[in-house]
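Coordinate analysis (summary)
Listed below are the residues making up each chain.
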Amino acid sequence: MTSPTASSRSPRRPAWASRNYSLLTAAAVVTGLGSHGALVAAAFAVIETGGDGGDVGLVAAARTLPLVLFLLIGGAVADRLPRHRVMVAANVLNCLSQAAFAALVLTGEPRLWHMMLLAALGGTGQAFFGPAAEGMLMSSVEGEHAGRAFAVFRMAMQGAVLGGAALGGAMVAAIRPGWVLAADAAAFALAGALRAFLDVGHIPPRAPGGGLIADLRDGWQEFAGRPWLWGIVVQFSVANAVVAAADAVYGPLVARDHLGGAGPWGLALGAFGAGTVAGALLMTRWKPRRLLLAGTLCVFPLALPSAALAVPVPIGVLFGVMFVAGATVEVFGVSWMTALHQEIPEHKLSRVSAYDWFGSVALVPLATAAAGPAEEAFGRTAALWGCAGLVVLVTAAVLCVPDVRNLRRRTTPVARGGTDCASTDAERPVGGLG
């Protein structure tokens, strides 16, 4: 079988950048620009309608709750259907929900339940999109170049985060948040069109399997049998939850009270994005042998933004803190993707990714919904210090797992598939995936 990675290269692209990889990267940039500006816009849309920290948290929780509920199903579906079709369908749902959200904000006084419902539809789309996108990306690069390919992809994506957050904050400050939400809807439409051109026609149909439940069970066995995998997912189930509470709820409130509003907060999020670009650029050159040890040590600075908001520090200091946190956590992100790509069979990538995503976001709705009550009970400063402390605690705990400390980068691939259950869109480049 002709390899798509080999046959679809352009002389203008690096040897490891297939056509599918290039399309995936371009689409991720488009959605990154729109979505991260929309996160700022959604928070300030709630605040402008008279909402408080609890209301901001409820809208954020409404976005994440269906993500938790449908992720495992989304992962199994993405390993059974062509992943690009799942991605496009999810983009259509996100486009429509954001367009409706924008129309409500621009034309009237949206009620809290309106915003929660539309945020929930967006989260549902993300539940099906995320596992499909991760499996599609990992199957589009060769094992020898996986680390560099993931670093470049994340650098492009995080560059979009940088631009989207900064532009979103500036747009919210200059015009109504509804226009930022409308721009996000257009971005989803364009990204879905790009993903529709992904080339999977050369892949034979998947052999019949044991059904959705069997796929979920198989994915769980793959997940639970690897201590490094579930250990880090448990770590990030806590870390992501408290960071989400700090960024989605406390950050906009601190910005309103101490930093000057939406514009400076958008720039602070942009500084985090700039840091992730720098971290990804570093990872195009640095290949740590102990992938997860290096990555996990770089998670500790993720506690710094919450601590800085707790003080609160001047806006210039906050920019620096956010940059450092973004750079170091991106080292983890590239190392983590490389480890998954190296260790997980290709035809199970979306299912395992779904368990990864599920664990990583499971506590986010609870944390964001509880952020307002926690602020009332303990005060905003104490709540932010608690967020910082939990990040440090769980990161130190996961270093006790031997496989996290000892997993090494390999130059030879593991078995990436099976003849009985090859993915419907599994790309098999020359040399396999590793």
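The residue numbering used here restarts from 1 in each chain and proceeds along that chain's sequence as written. Two thresholds apply to this predicted model, a pLDDT of at least 70 for residue-level local features and 80 or more for giving and counting side-chain atom pairs, whereas whole-chain, interface and lining totals are computed over all residues. For the side-chain quantities, the full set of heavy atoms in the structure was used; hydrogens and water were omitted.

1. Observations regarding the overall build of the protein
Filter applied, for reference: To qualify as a helix, a DSSP run of H or I must reach at least 4 residues; to qualify as a strand, a run of E must reach at least 2; elements of each kind are numbered from the N terminus. When accessible area is computed with a 1.4 Å probe and restricted to protein chains, residues below 20% of their type maximum are described as buried, those above 50% as exposed, and intermediate ones as partly exposed. For this analysis, residues touch if any pair of their heavy atoms sits within 4.5 Å. Using the Shrake-Rupley algorithm and a 1.4 Å probe, accessible areas are obtained, with residue cover drawn only from the displayed protein chains.
Summing up its helical and strand segments, the protein has 17 helices and zero strands in all. Within the protein, buried positions represent 58% of all 434 residues. Long-range contacts, defined here as pairs at least 24 residues apart, represent 90% of the contacts in the protein between residues at least 6 apart. Summed over its atoms, the accessible surface of the protein is roughly 16500 Å², and 68% of this surface lies on carbon and sulfur atoms.

2. With respect to the layout of surface pockets
If a probe the size of a water molecule is rolled over the atoms, the empty space left behind becomes visible. The cut-off we apply is this: A pocket here means an open set of points on a 1 Å grid, computed over the protein atoms alone, that has protein on both sides within 12 Å along at least five of seven lines. A cavity is instead a set of points where a 1.4 Å probe fits but cannot get out; residues with an atom within 4 Å of a point line either one. Grid points are joined across faces, edges and corners, and a volume is the space filled by probe spheres set on the points.
Looking at the second largest pocket, its volume works out to about 220 Å³. As for the second largest pocket, its lining consists of 15 residues, of which Val242, Ala245, Ala367, Cys387 and Leu390 are closest to the centre. Where the lining of the second largest pocket is concerned, the elements lending two or more residues are α9 (227-259), α15 (364-378) and α16 (380-398).

3. Considering the packing of aromatic side chains
Note the following rule: The rule is short: rings of Phe, Tyr and Trp, with Trp giving its six-membered ring, pair when the centres are within 6.5 Å, and they are stacked under 30 degrees, edge-to-face over 60, tilted in between.
Here the structure, examined in full by the defined rule, presents seven aromatic pairs. When the centroid spacing of 5.7 Å and the interplanar angle of 20 degrees are considered together, the rings of phenylalanine 223 and tyrosine 355 count as stacked. Of this pair, phenylalanine 223 sits in helix α8 (residues 212-224) while tyrosine 355 sits in helix α14 (residues 349-361), placing them 132 residues apart in sequence. Each member of the pair, phenylalanine 223 as well as tyrosine 355, is classed as buried. Arranged with centres 5.9 Å apart and planes meeting at 15 degrees, the rings of phenylalanine 332 and tryptophan 336 form a pair that is stacked. In this pair, phenylalanine 332 and tryptophan 336 are both assigned in helix α13 (residues 315-343), four residues apart and thus about one turn of the helix distant. By relative accessible area, which is 7% here, phenylalanine 332 ends up buried. Within the aromatic cluster, the residues linked to one another by ring pairs are Trp228, Phe236, Phe332 and Trp336.

4. Describing α9
To be explicit about the condition: Here a helix's expected span is defined as the number of its residues, less one, multiplied by 1.5 Å. We define the bend at each residue as the angle formed by axes fitted to the 7 residues ending at it and the 7 residues starting at it.
Compared with the 48 Å implied by 1.5 Å per residue over 33 residues, the 42 Å span of α9 between its first and last C-alpha is markedly short. A bend of about 45 degrees at tyrosine 250 is the largest found in α9, and the proline proline 252 appears one to four places after it. Among the residues trailing α9, glycine 260 stands out with phi positive, at a value near 105 degrees.

5. Focus on the confidence of the model for the protein
Our working rule: Values of pLDDT, ranging from 0 to 100, describe the predictor's confidence in every residue of the model.
Of all residues in the protein, 87% have pLDDT values of 70 or greater, and the mean over the chain is 80. Across the protein, the secondary-structure element scoring lowest on mean pLDDT is helix α1 (residues 4-7), at 43, and the one scoring highest is α16, at 94. Segment residues 1-9 is flagged for pLDDT under 50; beyond a separation of four residues in sequence, or across chains, it makes 22 contacts in the model. This stretch, residues 415-434, has a pLDDT under 50; its non-local contacts, to residues over four places away or in other chains, come to 76 contacts.

6. Regarding empty space enclosed by the protein
Our working definition: Note on residue classes: Ala, Val, Leu, Ile, Met, Phe, Trp, Tyr, Cys and Pro are nonpolar, Asp, Glu, Lys and Arg are charged, and everything else, Gly too, is polar.
Enumeration over the complete set of coordinates arrives at two cavities of 30 Å³ or more. By volume, the second largest cavity amounts to about 30 Å³. Of all the elements, α13 adds the most residues to the lining of the second largest cavity, at three residues. When its residues are assigned to classes, the lining of the second largest cavity shows four nonpolar, three polar and three charged.

7. Here we look at α14
Given a rise of 1.5 Å per residue, 13 residues ought to cover 18 Å, and the 18 Å separating the end C-alpha atoms of α14 matches this to within 8%. With 11 of 13 residues buried, α14 is to be regarded as a mostly interior element. For α14, the set of buried residues is Leu349, Ser350, Arg351, Val352, Ser353, Ala354, Tyr355, Asp356, Gly359, Ser360 and Val361.

8. Looking at a nonpolar patch on the surface
As a reminder of what qualifies: Patch definition: residues above 30% relative accessible area lacking any salt bridge, with like charges linked at up to 9 Å and the nonpolar side chains Val, Leu, Ile, Met, Phe, Trp and Tyr linked at up to 5 Å. Take a side-chain nitrogen of Lys or Arg and a carboxyl oxygen of Asp or Glu: if they are within 4 Å of each other, that pair is a salt bridge.
On the surface, Leu65, Leu69, Phe70, Ile73 and Leu212 cluster together to form a nonpolar patch covering roughly 410 Å² of accessible area. For the nonpolar patch, the element with the most residues is helix α3 (residues 53-80), which contributes four residues.

9. Topic: the pattern of salt bridges
Per the stated rule, a full pass over the model turns up five salt bridges. The closest approach of N and O atoms between arginine 226 and glutamate 222, which form a salt bridge, is 2.4 Å. Neither arginine 226 nor glutamate 222 differs from the other in exposure class; each is buried. Ionic pairing is found between arginine 380 and aspartate 257, a salt bridge with its closest N-O pair at 3.0 Å. One end of the pair, arginine 380, is in helix α16; the other, aspartate 257, is in helix α9, with 123 residues separating them in the sequence. For aspartate 257, a relative accessible area of 39% corresponds to the partly exposed category. Through salt bridges that share partners, Arg256, Asp257, Glu375 and Arg380 make up one connected network.

10. Comments concerning the side chain of arginine 195
Using the following cut-off: The charge count treats Lys and Arg as positive and Asp and Glu as negative. His and the chain ends do not count.
Assignment of secondary structure puts arginine 195 in helix α7 (residues 177-195). No salt bridge is formed by the buried arginine 195; its nearest oppositely charged neighbour, aspartate 184, is found at 9.8 Å. Sequence-distant contacts of arginine 195, defined by excluding residues within four places in its chain, comprise Ala27, Ala28, Thr31, His84, Met87, Val88, Asn91 and Phe129.

11. Here's the deal with the environment of leucine 282
If you trace the backbone, leucine 282 turns up in helix α10 (residues 262-283). Along the sequence, leucine 282 and valine 331 sit 49 residues apart, while their C-alpha atoms lie 7.9 Å from each other.

12. A word on the side chain of asparagine 91
Tracing the backbone through its elements, the reader meets asparagine 91 in helix α4 (residues 83-107). With sequence-adjacent residues up to four places away left out, asparagine 91 is seen in contact with Phe129, Phe188, Ala191, Gly192 and Arg195.

13. Re a positive patch on the surface
The following threshold applies: Each charge is placed at NZ for Lys, CZ for Arg, CG for Asp and CD for Glu.
Judged by side-chain charge, Arg289, Arg290, Arg405 and Arg408 come together as a positively charged surface patch. Along the chain, the position of arginine 408 falls in the segment after α17 (402-406).

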